[in-house]
Protein chains: 2
Amino acid sequence: MVANVPLDAADAEACGLTRVPVDLGARSYEIVIGRGALAEAGARIAEVLPGSRAAIVTDETVAGLHLEALRASLDAAEVGHEVITIPAGEASKCFSMFQTVCERVLDAKLERGDAVIALGGGVVGDLAGFVAASVRRGMPFVQLPTSLLAQVDSSVGGKTGINVRHGKNLIGAFHQPSLVIADTAVLDTLSPREFRAGYAEVAKYGLLGDAGFFSWLEANHAAVFAGGPEREEAVAASCWAKAAVVADDEREAGRRALLNLGHTFGHAMEAVVAYDGARLVHGEGVAIGMRMAFDFSVELGLCSPEDGARVETHLTAVGLPTTLADIPGQMPPAETFLDIMAQDKKVSRGALTFVLVRGIGEAFVERGVDPARVREFLARELERESAAR
Amino acid sequence: MVANVPLDAADAEACGLTRVPVDLGARSYEIVIGRGALAEAGARIAEVLPGSRAAIVTDETVAGLHLEALRASLDAAEVGHEVITIPAGEASKCFSMFQTVCERVLDAKLERGDAVIALGGGVVGDLAGFVAASVRRGMPFVQLPTSLLAQVDSSVGGKTGINVRHGKNLIGAFHQPSLVIADTAVLDTLSPREFRAGYAEVAKYGLLGDAGFFSWLEANHAAVFAGGPEREEAVAASCWAKAAVVADDEREAGRRALLNLGHTFGHAMEAVVAYDGARLVHGEGVAIGMRMAFDFSVELGLCSPEDGARVETHLTAVGLPTTLADIPGQMPPAETFLDIMAQDKKVSRGALTFVLVRGIGEAFVERGVDPARVREFLARELERESAAR
Ligand SMILES: NC(=O)c1ccc[n+]([C@@H]2O[C@H](COP(=O)([O-])OP(=O)(O)OC[C@H]3O[C@@H](n4cnc5c(N)ncnc54)[C@H](O)[C@@H]3O)[C@@H](O)[C@H]2O)c1
Ligand SMILES: NC(=O)c1ccc[n+]([C@@H]2O[C@H](COP(=O)([O-])OP(=O)(O)OC[C@H]3O[C@@H](n4cnc5c(N)ncnc54)[C@H](O)[C@@H]3O)[C@@H](O)[C@H]2O)c1
Ligand SMILES: [Zn+2]
Ligand SMILES: [Zn+2]
């Protein structure tokens, strides 16, 4: 059992599921984690939202793989439901799909106490969550995350939203789910590349605040990938970590910014490749970004080179990219990265904000990082990149 | 001074403005009311949201009348701003305008701490408020209501939203403003019909919970219409009344439903005329609906006929309609009204909910009203209607 999971709350139940509470006062809820949890979704939903009907929002890929199991579970619990299927992929997080899904939920004649259920990855969760936040000014929302990224990151914390041409996730709402069910068995059908991308976020929790968890991952990553009970432990530990930060800072005023470790560099890379998932998916950008955040911290004299090396070694061991050279295609000059980072929404009134580290498990938010130091660092990264090609 | 306004808080300031606090914990804010308050908007906004830039959302009609005064006030306070003008009228509360205004706010490069300012009636306030709730998952929002309805009703309480083909206000958010400034002088340019429609909501506060205020209105309505200091008092008393209910029940779980006095019948009438503002505007439907709610309560033996008569007399005195016969055009059968009311979002799991009265100032929520009694009552109202034509 992972060290930072309190034993009482994580005690295996009769059915072998792990429960992680998210403590948000009146908006508190539970994350239920484990192999086969989807089969219990109907009963859990009927328990948390008695008498509710539901609209399931899912994407075409996930519908083909896991929708029948969910429907059977809802039928068994006599939870009436309709299905709204959207195309798979980031492009579905847009205004027109938002309108379409809102209207389909109203077509289904759901009332204010009925539920919107997201069955899918972060795209489905973010879109369906914004719909749930907006229809009748807020309907109950249930997350059934099916990608590793969604299980350990996007389904926890209440952020929902869509993309606009100005950037990703710029329109949305904070809307907490009433229940999250993460069935770790559904990850068996996820592509290895998507699984690895989600794993970058798992490693992030260790790197930002829990050195013990990172050591555990160094020892157990193969079993996490293979789908043993270690996978469930890793998902649970990640949810605990994110839930703790979210409970502390629901509306992202302060500490929640730590979750952006690796993301300032990562988002810039995603923008540079114009969000072309063939070249770079989010978690890959985060992996490279975390390695860079460590090396940048080493360069600033904040962190030991040994810790920087350990990060690179582990990410490489699981098959994640760690350098700009790992991204197919041409990279632009350092200045382009800086421009993008300055536009990033984490910029507050002009100053550059970074999550830096004093070592593994010791991240902190630094506001007002000197752009000249960032430019120098990036220039060296880019030299290393062109040398590697 | 109106009896239910505590003297300390409503104390005239140096500049003669009235301040009504809305007590919502961390989301508390103030409503500033008075002739000429718009000239102070810049200074107040700079005080409440120091360092912020702003996007003003307004409609074409209001822009022509009051935008320059606001811009001058913002300039004087050095609050940088952009203007986003939408067509006047209910049709602007739609998905495509929501998208357009969101994008225009992002075009203006507003950051998360910058403000969206609504300058206009309820249409502008509801749309701009939903935009403010959604851009970057929530930006500060300032309401400068310019219609009487917006000053006493839509700008207080945090409800925002747009319409869809399924009904009005079905998509939106609860998003409290940081500040509301109601300049009672801008109402001088409002059409008499729109002023009267807003007055129906003023009278509603007396009828639902404050018999003393209703008596005061019976004595002072002419001065409220003429624009004397009584207008400011009536707006302030209405804001106090709504703020008290909202503070008690922010997310509309219980007591807030009292604000729907007259609205179940009223909404049905609006639907019957297909929201054709030439035939019926919202406040007119509310006036007729309140008179009907009183007479229905009299018929149920809950309320004295004298109170019912007083309501009809007062609404007629200010020029508001009180019967179905006052609506131009043909009325459908009682069954049509019932069908519409059953679809109304105030219906919870099939039961008909009404706000009924035990007398002036004594409204209460009755769940599970017998549809047969409503049908009978409506049939008699419709007979009276055809007799009157
Ligand atoms: N709300 C938040 O806090 C938050 C946090 C991080 C990321 N996000 C968002 O999450 C999104 C990325 O999430 P994602 O990586 O899950 O993307 P995704 O939802 O697009 O899923 C990735 C791909 O995997 C497929 N898939 C999902 N589950 C599967 C399964 N069990 N078997 C087979 N295929 C499956 C999907 O159909 C899709 O093609 C981004 O839009 C990002 O902005 C949100
Ligand atoms: N959010 C809430 O709690 C709430 C409550 C009640 C009503 N509403 C909404 O409010 C809307 C109705 O509000 P409304 O009656 O203010 O409608 P509105 O905004 O359309 O204004 C009515 C008309 O008056 C004009 N106008 C506004 N101020 C003026 C001024 N000072 N001088 C001259 N003309 C002026 C407008 O241009 C418009 O043509 C509806 O959409 C309704 O759903 C919301
Ligand atoms: Zn991420
Ligand atoms: Zn109204």
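Coordinates for the structure precede this section.
Source: prediction; values computed, not measured.

S.K.: I'm lost on the site of ligand 2 in this one. Help?
M.R.: All names here are of chain B. Near ligand 2 lie 25 residues; those nearest to it are Asp 59, Gly 122, Thr 146, Ser 147 and Thr 189. The contact in question runs from an oxygen atom of ligand 2 to an N or O atom on the side chain of Glu 90, over 2.8 Å. Taken by itself ligand 2 offers 860 Å² of open surface, and the protein chains cover 87% of this. Where the shell around ligand 2 is concerned, the elements lending two or more residues are helix H3 (60–76), helix H5 (122–134), helix H6 (148–154) and strand S8 (167–174). The element that contributes the greatest number of residues to the shell around ligand 2 is H3, accounting for four residues. In the shell around ligand 2, the residues fall into seven nonpolar, nine polar and nine charged.

S.K.: Just checking my understanding: could you explain the side chain of Asp114(B) for this structure?
M.R.: All names here are of chain B. Mapped onto the secondary structure, Asp 114 falls in the loop between helix H4 (95–107) and strand S5 (115–120). Among buried charged residues, Asp 114 stands out as having no salt bridge; its nearest opposite-charge side chain is Arg 53, 4.2 Å away. A polar contact is formed between the side chain of Asp 114 and the backbone nitrogen of Arg 53, at a distance of 3.0 Å. There is a polar contact of 2.8 Å between the side chain of Asp 114 and the backbone nitrogen of Glu 111.

S.K.: Would you explain the coordination of the zinc ion (ligand 3) in this entry?
M.R.: Tetrahedral coordination by four donors sets the ideal angle at the metal to 109.5 degrees; octahedral coordination by six donors sets it to 90 or 180 degrees. Residue and element names in this part refer to chain A. Distances from the zinc ion (ligand 3) to its protein donors, Glu 201 (OE), His 263 (NE2) and His 282 (NE2), fall at 2.0 to 2.1 Å. Read from N- to C-terminus, the donor residues coordinating the zinc ion (ligand 3) fall into the pattern E-x61-H-x18-H. Of this pair, His 263 sits in helix H10 (residues 263–272) while His 282 sits in helix H11 (residues 282–299), and the two are 19 residues apart along the sequence. Classification of His 263 as buried rests on a relative accessible area of 5%.

What counts, and where the lines are drawn
Residues numbered from 1 in each chain as written. Chains lettered and ligands numbered in written order. Predicted model: local features only at pLDDT ≥ 70, side-chain atom pairs only at ≥ 80, totals over all residues. Heavy atoms only, no water. Near = heavy atom within 4 Å. Polar contact = N/O pair within 3.5 Å; in protein donor to acceptor, adjacent residues only side chain to side chain. Areas by Shrake-Rupley, 256 points an atom, 1.4 Å probe, with all protein chains shown as cover. Helix = DSSP H or I, 4+ residues; strand = E, 2+ residues; numbered from the N terminus. Nonpolar A, V, L, I, M, F, W, Y, C, P; charged D, E, K, R; others polar. Buried < 20%, exposed > 50% of the residue type's maximum accessible area, 1.4 Å probe, protein only. Lys, Arg positive; Asp, Glu negative; His and termini not counted. Salt bridge = Lys/Arg side-chain N within 4 Å of Asp/Glu carboxyl O. Donors = N, O, S within 2.8 Å, 3.2 Å for Na, K, Ca; no water.

Function cannot be read off these values alone, since they describe shape.
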